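Spelled out, the chains give:
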Amino acid sequence: MNREARVLEVVIEAVDTVLDDFDLIDFLQRLCERCVELLDVSAAGVMLVDNSDTLQLIAASDEHTRLLELFALQHDEGPCVECHRTGQIWLNVDLNTPAATVGFPAFAARAREAGFATTHALPMRLRHHVIGALNLFHRDTRTLTPADVRLAQTLADVATIAILQQRTIDRQIAEHQQLEAALNSRITIEQAKGILAERWRTDPDAAFTALRRHARSHRIKLSDLAAQIAAGTLDTDDIDRP
């Protein structure tokens, strides 16, 4: 099978993964494996930013690469770190040339110890939103062809779109769950108001005021307090009547 046909298969595989139950780690692990397969590189790794905008290692094609990427994060240096920081692509970095590694000598030394001679870093971004970096390594001194660079960036772009789409879906689901929880809590609170109003022979507004006052003074969530009243597990005589 020629490379063009295999690339099409990989893109379809990525789309299918997104449409199925999305497993981020497995998805990016596959990305690393496909980069090694299609780009004829020795290893690959993927770093993504977390919710606090801190770069984290998510996937690597092998253990040596994983440890090297962790070293880069711990020392905050290397083409991968700079790629995420600036959003700029790094290509054909000769790890044996001091001039090429002037900004990250410790990383270069560790990479050489791991057996790598050349590295590349491509941004994972959509427009100006950079979410991480795709890192490629050769065990010999080699340059990526323009076609290889286009393919590598395409793979990174497809992965970025998939990740951002999944984050949007997850956020929508979370917002829906939060709204549903709020509505359920509101129903429980109305039940508790009704119980107190009937028990005290007072109006619902006064019962609600007493409910809120008790929750605040005892540092209990209003919904939790209401749930206890509705379930009959709280002695309502402990609540100050209006």
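Residues numbered from 1 in each chain as written. Predicted model: local features only at pLDDT ≥ 70, side-chain atom pairs only at ≥ 80, totals over all residues. Heavy atoms only, no water.

A. Representation of the state of the cysteines within the structure. Overall, the coordinates contain 0 disulfides when judged by the stated rule. Here Cys35 stays free of any disulfide, with the sulfur of Cys32 as its closest cysteine sulfur at 6.6 Å. (Disulfide = S-S within 2.5 Å.)

B. View of the packing of aromatic side chains. Summed over all chains, the structure comprises 3 aromatic pairs. Linked through ring pairs, Trp90, Phe104 and Phe107 together constitute an aromatic cluster. The ring centre of Phe208 lies 5.3 Å from the NZ or CZ of Arg186, which sits over that ring. Sitting over the ring of Phe208, Lys193 keeps its end group 5.1 Å from the ring centre. (Phe/Tyr/Trp six-rings, centres within 6.5 Å; stacked < 30°, edge-to-face > 60°. Lys NZ or Arg CZ within 6 Å of the ring centre and 35° of its normal.)

C. The side chain of His138, seen in detail. For His138, the location among the structural elements is in strand E5 (residues 129–138). There is a polar contact of 3.5 Å between the side chain of His138 and the side chain of His120. Discounting residues that sit within four places of it in the chain, His138 has contacts with Asp40, Val41, Ser42, Phe116, Ala117, Thr118, His120 and Leu144. (Helix = DSSP H or I, 4+ residues; strand = E, 2+ residues; numbered from the N terminus. Polar contact = N/O pair within 3.5 Å; in protein donor to acceptor, adjacent residues only side chain to side chain. Contact = heavy atoms within 4.5 Å.)

D. Looking closely at unusual backbone geometry. A positive phi angle is found at Arg127, which is not glycine, with a value near 55°. As for its position among the elements, Arg127 is in the loop between strand E4 (118–126) and E5. Look at Arg127 and you get exposed, because its relative accessible area is 71%. One non-glycine residue with positive phi stands out, namely Arg201, at about 55°. Mapped onto the elements, Arg201 comes out in the loop between helix H6 (146–200) and helix H7 (204–217). With a relative accessible area of 79%, Arg201 lands in the exposed category. (Buried < 20%, exposed > 50% of the residue type's maximum accessible area, 1.4 Å probe, protein only.)

E. A look at helix H4 (residues 79–86). Along H4, the residues classified as buried are Pro79, Cys80, Val81, Cys83 and His84. Positive phi shows up at Gly87, right after H4, with a value of about 75°.

F. Representation of the nonpolar core in the model. Ranked by size, the top nonpolar core spans 27 residues in total, and within it Leu28, Leu31, Cys35, Val46, Met124, Leu134 and Leu136 carry the most contacts. Of all the secondary-structure elements, those providing two or more residues to this core are helix H2 (24–39), strand E1 (43–49), E4, E5 and H6. In contact with Leu28, other than residues within four places in its own chain, are Val46, Leu48, Ile58, Ala59, Ala159 and Ile163. Core analysis: the second largest hydrophobic core is formed by 18 residues, Met47, Val49, Cys80 and Ala111 among them. (Core = buried A, V, L, I, M, F, W, Y, C linked by side-chain atoms within 4.5 Å.)

G. View of the sheet that holds E4. If you walk across this open sheet you meet the 5 strands as E2-E1-E5-E4-E3, and the pairing is antiparallel. The sheet is open, and its two edges are formed by strand E2 (55–60) and strand E3 (90–94), each paired on a single side. Neighbouring strand axes in the sheet, compared pairwise and without regard to direction, differ in orientation by 20° on average. Alignment of E3 against E4, held across 3 bridges, turns out to be antiparallel. Note on E4: the bridge partner recorded for Trp90 is Ala121. Docked against the sheet, H2 engages E1, E2 and E5, running at close to 145° with respect to E1. Where H4 meets the sheet, it contacts E1, E2, E3, E4 and E5, and its direction lies at approximately 155° from that of E5. (Pairing = 2+ DSSP bridges. Axes fitted to C-alpha atoms, helices over the stretch in contact; angles between N-to-C directions.)

Distances and angles like these do not, on their own, reveal function.
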